[in-house]
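Each chain, letter by letter, is given below.
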Amino acid sequence: MELILKDIVKKYDGKAILNNISATFKQGYCYLLLGENGAGKSTLAKCIVGDEDYDNGTIQFNNSSQSVVDNAVIQYQSFDSYQHLKIREVIRLFEKLSNQNVDLEELYEILELQTFDHVLLKNASGGQRKAVSIFLAFLLNKRIVILDEPFADLDLMKKKQLMHFLQNEMNKQGKILIIISHEVAGFETLFDYVYILKDGKFIENGSKQELVTKYKNTVLAGIEGIYFEVTGKVLGGRAG
Amino acid sequence: MITQISRTFMLESMRNTGVTLGNILPAFTFFICSMIFKLTMTENEEVVNFLIKGQFLPISILLLLFSFAFSSATIYLADMKANKTFNWVKRTGVAPSTYYVGMGIGVFTLVNVFLVLLLVCYSFLIALSFVSFLKIVFISNFVLLALYPLSFILAGVFKNGKVAQSMLVPIMILFMFSITMPSMFLTIADKNPQDYYIFLSWNPMLYLHDSLQLHLNMANETWLPEYRYFIILTVFSILLAVIARKVYSLR
């Protein structure tokens, strides 16, 4: 099963945010989406999951446009709904609504939800809201999962645990994982493919191995080095 | 699934103490005023009863319906739109119509609980037969049926809960006082308010107000036969639901 993007164009007020984007995402692989702020990463993610309409091109999963929306979920940076429900009540609500019986005990522990699931959403911190968002993204049990900066706000050990969870989800459940992250050091084994976006276009993409071979003598190690070679900038936005 | 949606709406509404108090306070303020009048003006009992039946009780019910079904639901829906709740909900596979019905059950339940409580309170002040009691609850529910989709339309128009809140005040005044004021002033001027009801037929509150006058023994008959009120209100509800479906985007 593949997610295929072909010539996607998205414009805001006549300005192209996504400019003829084409890509193929295969089942059971993890894709890293890199780019500066405003490069079009979030817009692309929203187009894939159907939150935004695009002006031109096609997005298909299993040769159908409709099934993309039905099979995709995005973890938004925050969860601001149901302010007067406790976090565990929100989770229970989504369990009932989606009628899914997914064993996510491990993720519950990694995100430490048990320590704050009694908190009302309106009193939850940014990190706690994000944890809810990540949890719900997996609770909905979709084939395509897009995560937006999932590692931020977690301590080092939890980051590693989350990485192993994601690898497991990808391999055993056969999901397509697309991760937008500025934090890649220490998680490089998770990513199979890297796409670098600039001004609404992919300026570089390929399997991690291909890119490592292509950009051999980089100043920085691994994916950070590749990104630096391609854009002249350090991941996180500083000028190189 | 519908039960879960209703439960969520009721739980959130009741936990939001500011909103809950704001919803019930206006209606019960008129009851408290009625009680004070009843206790202090003992020598003019007939006038007090007339005042309670003609003004205070109808305004209490109108305010209760407005607060819960209209203001509260509109703000709730506008906030849901603003914080993109439906982006999550649509991925659960729940149809928008299921959410519409589930939330509607929550709204109806809350309104009915407080409506019954309000009428029980008033029954200590004025003679209110059990049949009148039930008929008032019945017509109130039909008005609620007509008003409920309107909250989706308004929530579709307004950007978020705060904008909705500020815009609902003039809308509420328009809906309420277009009924109560003409009735009061025309009665004082010794004219029959029902002669002018045709001009107010766009307002669902008219049918409630007119039915209340009958069931509280303030009028001998309603402007139109009551069964027509139920038909009109049902048609209102269906038409508005169709518009709501177009105006309130889940995205």
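Small disclaimer: the values here were computed from a predicted structure and weren't measured.

> Help me understand unusual backbone geometry in this model?
Leaving glycine out, the prevailing phi sign among residues is negative, and the prevailing peptide bond configuration is trans. All names here are of chain A. Look at Asp13: it is not a glycine, yet its phi comes out positive at around 50°. For Asp13, the location among the structural elements is in the loop between strand E1 (2-12) and strand E2 (15-26). The phi dihedral of Tyr82 is positive, around 50°, even though this residue is not glycine. Structurally, Tyr82 can be placed in the loop between strand E5 (72-75) and helix H3 (87-98). For Tyr82, a relative accessible area of 3% puts it in the buried group.

> Explain the interface of chain A and chain B here, please?
Interfaces are frequently sized by the accessible area removed from exposure as the parts join. Opposite the 30 residues of chain A that make contact, chain B presents 22 residues. Across the chain A/chain B interface, buried area totals approximately 2300 Å², and carbon plus sulfur atoms make up 57% of it. Here chain A and chain B share 3 salt bridges between them. A salt bridge links A:Asp51 to B:Arg91, with the shortest nitrogen-to-oxygen separation between them at 2.9 Å. At the surface where chain A touches chain B, the tally comes to 13 residue pairs in polar contact (both at pLDDT 80 or more). Among the secondary structure elements, those contributing two or more residues to the side of chain A that touches chain B are E5, H3 and helix H5 (126-139) of chain A. With 6 residues, H3(A) is the largest single contributor of residues to the side of chain A that touches chain B.

> Hey, could you run me through the sheet that holds strand E9 (residues 201-207) of chain A in this one?
All names here are of chain A. Pairing is mixed across the open sheet formed by 6 strands, whose spatial order is E5-E6-E7-E3-E8-E9. Since the sheet does not close on itself, it has two edges, and those belong to E5 and E9, each with one partner. On average, each strand axis in the sheet is inclined to that of its neighbour by 15°, with strand direction left out of account. As paired strands, strand E3 (residues 30-35) and strand E8 (residues 193-198) are joined by 5 bridges and run parallel to one another. In the sheet register, Leu33 faces E8, and the bridge partner there is Tyr195.

The rules behind these values
- Sequence positions are assigned chain by chain, starting from 1 and proceeding in written order.
- Chain A is the first chain written and ligand 1 is the first ligand written, with later ones labelled in order.
- Residues qualify for local features only when their pLDDT is at least 70, as the model is predicted, and side-chain atom pairs are given and counted only at 80 or more; totals for whole chains, interfaces and linings, by contrast, use all residues.
- In computing side-chain values, all of the structure's heavy atoms are included and hydrogens and water are not.
- The secondary structure listing takes helices from DSSP runs of H or I that are at least 4 residues long and strands from runs of E that are at least 2 residues long, numbered from the N terminus.
- When accessible area is computed with a 1.4 Å probe and restricted to protein chains, residues below 20% of their type maximum are described as buried, those above 50% as exposed, and intermediate ones as partly exposed.
- Here a residue-residue contact requires only that any non-hydrogen atoms of the pair lie within 4.5 Å.
- A simple way to read buried area is as the amount of 1.4 Å-probe accessible surface that goes missing from two parts once joined, with both sides added.
- What counts as a salt bridge is simple: a side-chain nitrogen of Lys or Arg found within 4 Å of a carboxyl oxygen of Asp or Glu.
- In the analysis that follows, any N or O atom pair within 3.5 Å is treated as a polar contact, provided that within protein one partner can donate a hydrogen and the other can accept it, and provided that, for residues neighboring in sequence, both atoms belong to side chains.
- Here, a strand pair is defined by DSSP locating no fewer than two bridges between the strands.
- All axes here are fitted lines through C-alpha atoms, helices being fitted over the stretch that makes contact, and every angle between N-to-C directions spans 0 to 180 degrees.

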